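# Descriptive analysis of the structure
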Amino acid sequence: MSIKTFKGGAHPPERKHRTEGLPIENVRTVKQVVIPVNQHFGAPIQPLVKVGDVVKRGQKIADADGRMTVPVHASISGTVKKIEPRLQPNNLDGMAIIIESDGSSETAFLPPLDGLSCTKDEALARIREAGIVGMGGAGFPAHVKLAPPPNKPIDLVIANAAECEPYLTIDERMMEEAPGDLVLGMAIVMRALGVSKGVIGLEDNKSHLQGQLESAIASRHYGNGITVQLLKTKYPQGGEKMLITAITGREVPSGGLPMDVGCVVHNVGTFKAIADAFQEGKPLIDRGLTVSGAACKTPKNLMVPVGTLVSDLVPDVIQIDEEAVRRVIFGGPMMGPSLPNWTVPVQKNTSGVLFMDEREAKVYEEGPCIRCGRCMRACSCRLSPALLNNALKANDLDLAEQIGVMDCIECGTCSYVCPSHIQLVQRFRVGKQLVRAKKQKEAQRAGK
Amino acid sequence: MPANNLLLSSSPSSYTRGDVRKIMLAVIIALMPSTVYGVVLFGVPALGVILVSVFSAVAAEALFRLATKQDPRIGDLSAVVTGLLVALISPPSLPLWMAALGAVAAVIFAKEFFGGLGANPFNPALIGRAILVMSFPAAMTTWHAPFGALTDATTMATPLNVVKLGGSVADVGAGFVERGLASAADYNSMLWTLFVGNRAGCIGESSILLILVGFAFLLALRVVQIVTPLAMVGTTFLLSWLLGMDPVFGVLSGGVVFGAVFMATDYASTPVTPLGKLIFGVGAGAITTIIRRFGGFPEGVTYGILIMNAIAPFLDKLRVKKYGFVPPAKPAKEAGK
């Protein structure tokens, strides 16, 4: 099969070699977890426990009614010590439930459920009850993607195995160690959606996994209809829209969702979590992540309980060259937020923690735009970043909107390629907020 | 927990190592074959024009930025490129003070007054040249045969001049043989002589071959896009043919290839949008040819590009349709909802 891709993009240094071949190390014992209550994209939820409660691993500890909500579960057994705002990987203080471990390995999982024979409603309820969100980064509720309105027929389920962010290798390892779970997760989702076709979109820097995935598919009766599609190694290949366009040639309409072009996309980690939720009844309480960066002395692929403070992993699990650290990133270097310290919990959507040194984290002063057009060619959304930048600098929000600032997926490729190191995507993020604020004002005025 | 010293800027946290200096360096390297060949053809005077022009450009930029209390920007090498370009589109016999004036005018009037690097609406080197042509028409149109001292005895009309003054393409070939620049006067060897650049003309414009070498280098490094030069040269070819001129001769004889490769690809003064680039190239080629055919000058590249420079901001409105573009719904439909 030919290697597919999208137009535009860039190829930042991959730097995956440090952790590429390392098996996932399972961290079972942590002294405490700090579990942020709201780890999903959507409506807020509330704690179900109070300080002093004894909870078991797998027990639901926060939930709410509403379509765009996802519950949260205790990832270790122990006692609720505090419920207070803590720094989250999104750089905001959010309410978190702090559980101190009692050392027991008791669990309170859901009963196993056969995802290949249950009803669609049962499947969706299970996926929600297991607290599954998109594990690629955005944290979108998984069950919502699986319940498209009837006027949006779905014909394709895509597993996002691009892992286009530099450094990160956790998805790669997951596929190597548990390819069957990926296939099962996909089969369950395909069945729930009534779709007969599934595609695993794999960047060709991981082409060695193709045969393994294909034999995992072939050896399972429910693997029917699932294929592996190699994609060119290029950032942001794992962007949902870019992935869909590369695989199907369809373009998600502006302001729309993948379901508008008949696709449902989940990260491979999400499919694995779905498989676990059915096979073992295990909610999403463990998170695989890559710990890397030049200032990390022990680059690793880890599996830790959700809520584990990165600082609690030091020094037993990972060691950091504290002198050399200049930047701490949750996620990949292209989109992941930088944090002021590493006393921060691993969340459901934390794909990696990077400790960058001075050289890796080099920042540049913004120079004048020389109109070289590199950003224009790199923008996978064809947004003319150079012109958008001018519009925003001139505070011309109408023009910015016309050029398409609201369509920016904030992948950061423009800022990466700019020879003058202009803060393009950074300005677009602010621009989006300004446009939203302006629209709100206009709506208010119209309402009066 | 050590929290000092950690960088907290918004993502991305990884940046390309490329910078403006590297781009300018690539352009300088791409100009080197033509530059060296110009010195070989016309000797020390050409070298003098080049050095004086580059030095004046750099000095003018530095002094202007000093006087206006802006950070110096010598390091990005853009003034070197401007100075070099001014020299390469000047005749080799240009008095050195005029070369200096042209370079200073290019940097100060065309570039720094508009905000410096990236902000110039017109190509600085062409503005420098335009000012020189208007101020010193004689000096800017005195051409010399290659491989001779630049004296009155060795002045020689450029191929386009020969034709403008009523000569035929065959006369150009005869002229080459007479000066010992070609071994035969037939059409093909005349074209070959033009292609390798064994002719009178500006310091850097003559050798099409070496310009293309530089162009290939810039394309390989993805510093420039092929569309504008291709459109400009292609239009010159087609329109020359339509207007009854020899199209191959038209492309090989003047400065159109040099202009297309090194002027029409200037970042600041040309459109950034792909369609804009195409129209820019077509327009520049068309104006060049029309000036050659109907205008008072034998050559029209300078004005072809400068006139299109003025239109470039409008051409930038011809943006590519964004990903997932949905045509705006008609108001009537909205009302019906």
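Residues numbered from 1 in each chain as written. Chains lettered and ligands numbered in written order. Predicted model: local features only at pLDDT ≥ 70, side-chain atom pairs only at ≥ 80, totals over all residues.

## Topic: the overall build of chain A
Looking only at helices and strands, chain A features 13 helices and 17 strands. Its C-alpha atoms put chain A at 60 × 55 × 50 Å along the principal axes. The 448 residues of chain A split such that 58% are buried. Nonlocal contacts in chain A, meaning residues at least 24 apart in sequence, comprise 73% of its contacts between residues at least 6 apart. (Helix = DSSP H or I, 4+ residues; strand = E, 2+ residues; numbered from the N terminus. Buried ≥ 20, exposed ≤ 12 C-beta atoms within 10 Å, placed from the backbone. Contact = placed C-beta atoms within 7 Å.)

## Overview of the domain arrangement of chain A
Residues and elements named next belong to chain A. Partitioning chain A into structural domains gives domain 1 (1–27 + 110–357) and domain 2 (374–447). Computed over C-alpha atoms only, the centres of domain 1 and domain 2 are separated by 28 Å. The interface of domain 1 with domain 2 comprises 13 residues on the first partner and 12 residues on the second. When its residues are assigned to classes, the side of domain 1 that touches domain 2 shows 8 nonpolar, 4 polar and 1 charged. (Domains from an automatic or database assignment. Nonpolar A, V, L, I, M, F, W, Y, C, P; charged D, E, K, R; others polar.)

## Details of the sheet that holds strand 8 (residues 93–101) of chain A
Residues and elements named next belong to chain A. If you walk across this open sheet you meet the 4 strands as 2-8-7-4, and the pairing is antiparallel. Lying at the two open borders of the sheet, with one neighbouring strand each, are strand 2 (32–36) and strand 4 (54–55). Inspection of the sheet shows strand 2 paired to strand 8 by 5 bridges, in the antiparallel sense. The residue bridging Gln32 from the neighbouring strand is Glu100, located in strand 8. (Pairing = 2+ DSSP bridges.)

## Concerning the domain arrangement of chain B
Residues and elements named next belong to chain B. Assigned domains of chain B: these are domain 1 (20–140), domain 2 (159–197) and domain 3 (224–316). A separation of 23 Å is found between the C-alpha centroids of domain 2 and domain 3. Domain 2 puts 8 residues into the contact, and the matching count from domain 3 is 9 residues. Contributions of two or more residues to the side of domain 2 that touches domain 3 are made by helix 7 (159–164) and helix 9 (187–196). Per-element tally for the side of domain 2 that touches domain 3: the top contributor is helix 7, with 4 residues. Each residue belonging to the side of domain 2 that touches domain 3 can be placed in one class, and the counts come to 6 nonpolar, 1 polar and 1 charged.

## Looking at the interface of chain B and chain A
Each partner contributes residues to the interface: chain B has 36 residues there, and chain A has 57 residues. Residue composition of the side of chain B that touches chain A, grouped by class: 19 nonpolar, 12 polar and 5 charged.

## Some words on helix 10 (residues 385–393) of chain A
Residues and elements named next belong to chain A. Among the 9 residues in helix 10, 7 count as buried, and that is most of the element. What helix 10 keeps buried is the set Pro385, Ala386, Leu387, Leu388, Asn389, Ala391 and Leu392. Buried residues belonging to helix 10 abut helix 9 (374–378), helix 11 (397–403), helix 12 (413–417) and helix 13 (424–447). Once helix 10 finishes, Asn395 follows within two positions and takes phi at roughly 60 degrees, a positive value.

## A look at the confidence of the model for chain B
Overall, the prediction assigns chain B a mean pLDDT of 91, with 96% of residues at 70 or greater. In the predicted structure, residues 333–337 of chain B sits below a pLDDT of 50 and forms 1 contact with residues beyond four places in sequence or in another chain. (pLDDT = per-residue confidence, 0-100.)

## Comments concerning the pairing of strand 17 (residues 352–356) of chain A
Residues and elements named next belong to chain A. Counting buried positions along strand 17 gives 5 out of 5 residues, so the element sits mostly inside the fold. Every second residue of strand 17 is oriented toward a common face, with Gly352, Leu354 and Met356 on one face and Val353 and Phe355 on the other, all of them buried. As paired strands, strand 13 (residues 286–292) and strand 17 are joined by 3 bridges and run parallel to one another. Considered in strand 17, the bridge of Thr290 is made with Gly352.

## A word on the nonpolar core
The biggest cluster of nonpolar side chains holds 236 residues, and the ones touching the most others in it are Ile158, Met186, Val189 and Ile274 of chain A. Ignoring anything within four residues of it in the chain, the contact list for Ile274 of chain A reads Ile127, Ile132, Ala142, Gly185, Ile188 and Val189 of chain A. (Core = buried A, V, L, I, M, F, W, Y, C linked by C-beta atoms within 7 Å.)

## Comments concerning the pairing of strand 10 (residues 198–203) of chain A
Residue and element names in this part refer to chain A. Within strand 10, 6 of the 6 residues are buried, leaving the element largely enclosed by the surrounding structure. Here strand 10 shows two buried faces, one formed by Gly198, Ile200 and Leu202 and the other by Val199, Gly201 and Glu203. Pairing geometry for strand 9 (residues 156–161) and strand 10, over 5 bridges, is parallel. Looking across to strand 10, one finds that Ile158 is bridged to Val199. Examined bridge by bridge, strand 10 and strand 11 (residues 226–231) share 6 bridges and lie parallel to one another. Each residue of the ladder has a partner; that of Ile200, found in strand 11, is Val228. Once you follow strand 10 into helix 5 (residues 210–218) and on to strand 11, the crossover reads as right-handed. (Right-handed = clockwise from strand over helix to strand, strands pointing away.)

## A few points about unusual backbone geometry
All names here are of chain A. With omega at -5 degrees, the peptide bond leading from Tyr235 into Pro236 counts as cis. The residue Pro236 is located in the loop between strand 11 and helix 6 (240–248) in this model. Val314 connects to Pro315 through a cis peptide bond whose omega is 5 degrees. Note on placement: Pro315 falls in the loop between helix 8 (310–313) and strand 15 (327–330). The residue Arg15 is not glycine, and still its phi comes out positive at about 50 degrees. By the secondary structure assignment, Arg15 is in the segment before strand 1 (24–26). By the C-beta count within 10 Å, which is 20 here, Arg15 ends up buried. Located in the positive-phi region is Asn91, a residue other than glycine, with phi close to 70 degrees.

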